[in-house]
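Per-entry structural report
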Amino acid sequence: MNTALRSKRLLVPTVVAVAALAVGGTVWAASGDDEVGGGERDRVAAAAEKGAGGGDAVSVETSDDAGEAYEVEVRRPDGTEVDVTLDADLRVVGHDADDRVLGAEERASVEKAVLDAVGGGTVLEVGASDDPGVAYEADVRDGNGVEWDVDLDAAFAVVEKTEDR
């Protein structure tokens, strides 16, 4: 048997399989971001805000939990926050109010501390924590677009800073 022909018969399927895996991996990696944007975000945010009894959607993400399509954090006019889950038809299937509301001064101190911790950027989410030794939790996007989870103690010192992957 001609070894050159045999090599081609093995090489072509191998190249095709590797290319298919590369394209599939790229599509999977690109779809790994749960943030919802554009007009879809507006529709989902409006439904969640209504379901929370008013307020502003702070974050809108897709959900991979059964029976849920979206998870939305809504900050109510009184400063309380509620996590609203919606199905694909934008019906509320659950909500979970945060245990403790941060006052304006406390929130400002947390935001300053977490921005200092990552060198500036945008605070995405702030809340009280139930974890031992951690008083506050925050999600921050730094100036390079990298998202961080930052935990603070009661004195606003960083307990842990982790890149959100």
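Just above, that's the structure.
Given the structure is predicted, the values throughout are model-derived calculations rather than measurements.

The rules behind each value
Residues numbered from 1 in each chain as written. Predicted model: local features only at pLDDT ≥ 70, side-chain atom pairs only at ≥ 80, totals over all residues. Heavy atoms only, no water. Core = buried A, V, L, I, M, F, W, Y, C linked by side-chain atoms within 4.5 Å. Buried < 20%, exposed > 50% of the residue type's maximum accessible area, 1.4 Å probe, protein only. Helix = DSSP H or I, 4+ residues; strand = E, 2+ residues; numbered from the N terminus. Contact = heavy atoms within 4.5 Å. Expected span 1.5 Å × (residues − 1). Arc of directions from axis to C-beta.

Now for the nonpolar core. Among the nonpolar cores identified, the biggest contains 16 residues, and Val44, Val60, Tyr70, Val72, Val74, Val84 and Leu86 are the most heavily contacted of them. Of all the secondary structure elements, the ones that give two or more residues to this core are α2 (38-51), β1 (56-62), β2 (70-75) and β3 (81-86). It is α2 that provides the largest number of residues to this core, a total of four residues. Setting aside anything within four residues of it in sequence, one finds valine 44 in contact with Val60, Tyr70, Val72, Leu86 and Leu90. Residues Tyr136, Ala138, Val150 and Leu152 belong to the second largest nonpolar core, which totals 14 residues.

For helix α3 (residues 104-118), built from 15 residues, the straight-helix expectation of 21 Å at 1.5 Å per residue is met to within 8% by its first-to-last C-alpha distance of 21 Å. Burial in α3 covers these residues: Glu106, Arg107, Val110, Ala113, Val114, Ala117 and Val118. Buried residues in α3, looked at end-on, bunch into an arc of 130°, giving them a common side. In this structure, α3 carries Ala104, Glu105, Lys112 and Asp116 as exposed residues pointing more than 90 degrees from its buried face. Of the surrounding secondary structure, the elements contacted by the buried residues of α3 are β2, β3, β5 (122-128), β6 (136-141), β7 (147-152) and β8 (158-163). Glycine 119 sits one or two positions beyond α3 and adopts a positive phi of about 80°.

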